[in-house]
Amino acid sequence: KQWYQRRVAITAGGETFEKRNMYVLRVSKDIGPAPTKPIILIDAGIHAREWVSVSTIMYIINQVVRNPSDDLYIKALLDSYEFVFMPVLNPDGYAYTQVDRLWRKNRVYNDQSSCRGVDLNRNWDYKWGGLGTSGRPCQIDYRGPAAFSELETKAVQKWVEAYKSKILLYINFHAYGQLWMTPYGYSTDTPSNEVEMLKYSKIAVKAIKKSRGTEYRYGPVYTTIYPASSISVDWVRGAEDVPLAYTVELPDKGDHGFLTPPSEIPLIGKETWEGIRALLITLADDKGLLKTAEIIIV
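Trainee: When you look at the packing of helix H2 (residues 51-66) against helix H9 (residues 265-286) in this model, what are you seeing that I'm missing?
Mentor: Geometrically, a packed helix pair is captured by the angle between its two axes and the distance between the axes. Viewed as axis vectors pointing N to C, H2 and H9 meet at an angle of 60°, and their least axial separation amounts to 9 Å. Between H2 and H9, the interaxial angle falls into the category oblique. Crossing handedness for the pair H2 and H9: right-handed. Contacts between H2 and H9 involve Val52, Ser55, Thr56, Tyr59, Ile60, Gln63 and Val64 on the former and, on the latter, Ile265, Pro266, Ile268, Gly269, Lys270, Thr272, Trp273 and Ile276. Of the residues assigned to the contact of H2 with H9, the class counts are 9 nonpolar, 5 polar and 1 charged.

Trainee: Any chance you could explain H2 here in plain terms?
Mentor: In an α-helix, one full turn covers 3.6 residues, which means residues spaced three or four apart are oriented alike. Taking 1.5 Å per residue as the helical rise, H2 with its 16 residues ought to reach 22 Å, and the 23 Å between its terminal C-alpha atoms agrees with that figure. Taken residue by residue, H2 has Val52, Ser53, Val54, Thr56, Ile57, Ile60, Ile61, Gln63, Val64 and Val65 as its buried positions.

Trainee: Is there a simple way to explain the sheet that holds strand E7 (residues 217-220) in this structure?
Mentor: Within a sheet, each strand pairs with its neighbour through backbone hydrogen bonds, oriented either parallel or antiparallel. If you trace the 8 strands from one edge of the open sheet to the other, you get E1-E2-E4-E3-E5-E8-E6-E7, paired in mixed fashion. Each having just a single partner strand, strand E1 (8-15) and E7 make up the two edges of the open sheet. Sheet twist, expressed as the average angle between the axes of neighbouring strands with direction ignored, equals 20°. Pairing between strand E6 (residues 179-182) and E7: 4 bridges, direction parallel.

Trainee: Honestly, the nonpolar core in this entry has me stumped. Any pointers?
Mentor: Where a protein is soluble and globular, its nonpolar side chains tend to be buried together. Phe85, Phe173, Trp180, Tyr246 and Leu280 are the most contacted members of the largest nonpolar core, which totals 73 residues. Considering each element in turn, this core owes the most residues, 8 residues, to H9.

Trainee: Would you mind going over the state of the cysteines with me for this structure?
Mentor: A disulfide bridge is the covalent bond that connects two cysteines by way of their sulfur atoms. Tallied over the entire structure, the rule returns 1 disulfide. Here cysteine 115 is linked by a disulfide to cysteine 138, with a sulfur-sulfur distance of 2.0 Å. Measuring the twist about the S-S bond at about 85°, one finds the cysteine 115-cysteine 138 disulfide to be right-handed. One end of the pair, cysteine 115, is in the loop between helix H4 (91-96) and helix H5 (151-163); the other, cysteine 138, is in the loop between H4 and H5, with 23 residues separating them in the sequence. Residue cysteine 138 is classed as partly exposed on the basis of its relative accessible area of 48%.

Trainee: When you look at unusual backbone geometry in this model, what are you seeing that I'm missing?
Mentor: Cis geometry marks the peptide bond from proline 183 to tyrosine 184; its omega dihedral reads 10°. Its place among the elements puts tyrosine 184 in the loop between E6 and helix H6 (194-212). Residues proline 251 and aspartate 252 are joined by a peptide bond in cis, for which omega reads 10°. Tracing the backbone shows aspartate 252 in the loop between strand E8 (244-250) and H9. With a phi angle near 70°, lysine 19 is a residue other than glycine that sits in the positive phi range. Along the chain, lysine 19 falls in the loop between E1 and strand E2 (21-27). One non-glycine residue, aspartate 30, lies in the positive phi region at around 55°.

Trainee: Honestly, the side chain of lysine 37 in this entry has me stumped. Any pointers?
Mentor: Positionally, lysine 37 belongs in the loop between E2 and strand E3 (39-43). Buried within the structure, lysine 37 lacks any salt-bridge partner; aspartate 79 is the closest side chain of opposite charge, at an N-O distance of 5.3 Å. In terms of polar contacts, lysine 37 uses its side chain to reach the side chain of serine 28, at 3.3 Å. Beyond its immediate chain neighbours, meaning those up to four positions away, lysine 37 contacts Ser28, Lys29, Leu78, Asp79, Ser80, Tyr81, Glu82 and Lys166.

Trainee: So what exactly am I meant to see when it comes to the environment of arginine 143 here?
Mentor: Within the fold, arginine 143 resides in the loop between H4 and H5. Separated by 14 residues in sequence, arginine 143 and glycine 129 have C-alpha atoms that sit 6.7 Å apart. Those residues within four positions of arginine 143 in sequence are excluded, and the remaining contacts are Val118, Arg122, Asn123, Trp128, Gly129, Thr133, Ser134 and Gly135.

Trainee: Just to check I follow, could you spell out the pattern of salt bridges for this structure?
Mentor: Between side chains of opposite charge, a pair can form as their charged atoms come close. If you walk through the whole model with that rule in mind, you get 15 salt bridges. A salt bridge links glutamate 240 to lysine 164, with the shortest nitrogen-to-oxygen separation between them at 3.4 Å. One end of the pair, glutamate 240, is in the loop between helix H8 (232-239) and E8; the other, lysine 164, is in the loop between H5 and strand E5 (167-175), with 76 residues separating them in the sequence. Here lysine 164 falls in the partly exposed class, since its relative accessible area comes to 35%. Between lysine 199 and aspartate 286 there is a salt bridge whose closest N-O contact spans 2.8 Å. You can see lysine 199 sitting in helix H6 and its partner aspartate 286 sitting in helix H9, a full 87 residues away along the chain. The exposure class of lysine 199 is partly exposed, given its relative accessible area of 39%.

What counts, and where the lines are drawn
Residues numbered from 1 in each chain as written. Predicted model: local features only at pLDDT ≥ 70, side-chain atom pairs only at ≥ 80, totals over all residues. Heavy atoms only, no water. Axes fitted to C-alpha atoms, helices over the stretch in contact; angles between N-to-C directions. Helix = DSSP H or I, 4+ residues; strand = E, 2+ residues; numbered from the N terminus. Parallel < 35°, antiparallel > 145°, perpendicular 65-115°, else oblique. Left-handed = near helix turned anticlockwise from the far one by under 90°. Contact = heavy atoms within 4.5 Å. Nonpolar A, V, L, I, M, F, W, Y, C, P; charged D, E, K, R; others polar. Expected span 1.5 Å × (residues − 1). Buried < 20%, exposed > 50% of the residue type's maximum accessible area, 1.4 Å probe, protein only. Pairing = 2+ DSSP bridges. Core = buried A, V, L, I, M, F, W, Y, C linked by side-chain atoms within 4.5 Å. Disulfide = S-S within 2.5 Å. Lys, Arg positive; Asp, Glu negative; His and termini not counted. Salt bridge = Lys/Arg side-chain N within 4 Å of Asp/Glu carboxyl O. Polar contact = N/O pair within 3.5 Å; in protein donor to acceptor, adjacent residues only side chain to side chain.

Written out as structure tokens, the structure is:
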């Protein structure tokens, strides 16, 4: 118990429309009351039906929390970074998928409509309301009545703005498609450091393919999947100036879609972690953060 208390801290980062907690899990070597190292922020479950995003983040949490003394790479990562996990950004919608398995949005009531829910990944305050969003409450990509109208996105906004100067990298998990994507989704505009972002994308997808042959494409959201405005990765990079930000669409390519077979869940977790681990080790080496001399960068 004391071992975990020195490395793990969990707090409720906010509350949903239906009064569920939104948990924030911090993991680092000798963890303190607030982050002091560069932050790796990873979230999942913003779209309720994308269950494999939640199982994948839980796999990664298990690796980071339980294996630092046995895994030289994880030890190196905990020496270099603080991990911050937001495992389920849409708890109300996630719970409701027990009733309607393919539900996507949150569960808020919309004024003057019988249709419930806002698409939380169209509710961020960067180029809000543009291409790839809808102003109609009955659509699955309904953006809400205003940017940050939802308790869930407001909670993340508050946390990110408190620690944005320390956040080095952000990953937002989705499913499905096997895509590792950079900003932006609102247009063909690209961040000033797109070359750097694509470099680390290539490292991640190469490691994933090496794990068990799963092939990802990488590139900007707008041209790699479709136009999508007011999304979290655009806001994190465009409004909050976090250097590296990615939207990751996990497997598969449509054979099972949102209904990931149970046998695939640990395999997707493992290969995704290997991709992220390779990215983070190279990033730490590039930024002069790597403190473990035994690590070999391939």
